[in-house]
Amino acid sequence: MVVEVVEARPLEGLRLWLRFSDGKEGVVDLSAWELPGILASLRDPAFFAEVRVDPELGAPVWPGGLDLDPLVLYAQALGVDLPLPAEAEGRP
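Here goes a summary of the coordinates provided. Fair warning: this is a prediction, and the values are worked out from it, not measured in the lab. (Residues numbered from 1 in each chain as written. Predicted model: local features only at pLDDT ≥ 70, side-chain atom pairs only at ≥ 80, totals over all residues. Heavy atoms only, no water.)

## Section: helix H2 (residues 70-78)
In step 1: Listing the buried residues of H2 in full gives Pro70, Leu73, Tyr74, Ala75 and Ala77.
In step 2: Those residues of H2 that are buried are in contact with strand E1 (5-11), strand E2 (15-20), strand E3 (25-29) and strand E5 (59-62).
In step 3: Between the side-chain oxygen of the N-cap and the backbone nitrogen of Leu71 there are 2.7 Å, and the N-cap of H2 in question is Asp69. (Buried < 20%, exposed > 50% of the residue type's maximum accessible area, 1.4 Å probe, protein only. Helix = DSSP H or I, 4+ residues; strand = E, 2+ residues; numbered from the N terminus. Contact = heavy atoms within 4.5 Å. Polar contact = N/O pair within 3.5 Å; in protein donor to acceptor, adjacent residues only side chain to side chain.)

Quick look at the structure:
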């Protein structure tokens, strides 16, 4: 499954509203995520508000090259399991 983020909006409380390439929408609450290293900068509300979507990556990005995986965000926003490649599921 290939899914990309096509729109992202920051919300209060370290939440991110997202619209995906399949038309589905959802909110991801990053406040409970461990945010080590460079990801810790997302806890700054001013920095968090600088989110935009990189059309080449299909992912939300912030200054300095920080981006989040659209598949992880999709799974979190819609409450579904991460899609696994066929090889990881034991299929040829």
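Continuing now.
## Things to note about the pairing of E2
In step 1: Sheet analysis places E1 next to E2, joined by six bridges and oriented antiparallel. Directly across from Val5, in E2, lies its bridge partner Phe20.
In step 2: Bridge count between E2 and E3: five bridges; the pairing is antiparallel. Counterpart to Arg15 in the pairing with E3 is Asp29.
In step 3: In this antiparallel pair of consecutive strands, E2 and E3, the connection spans four residues, and Gly23 shows a positive phi of 90 degrees. (Pairing = 2+ DSSP bridges.)

Read these as layout, nothing more, since geometry by itself doesn't imply function.
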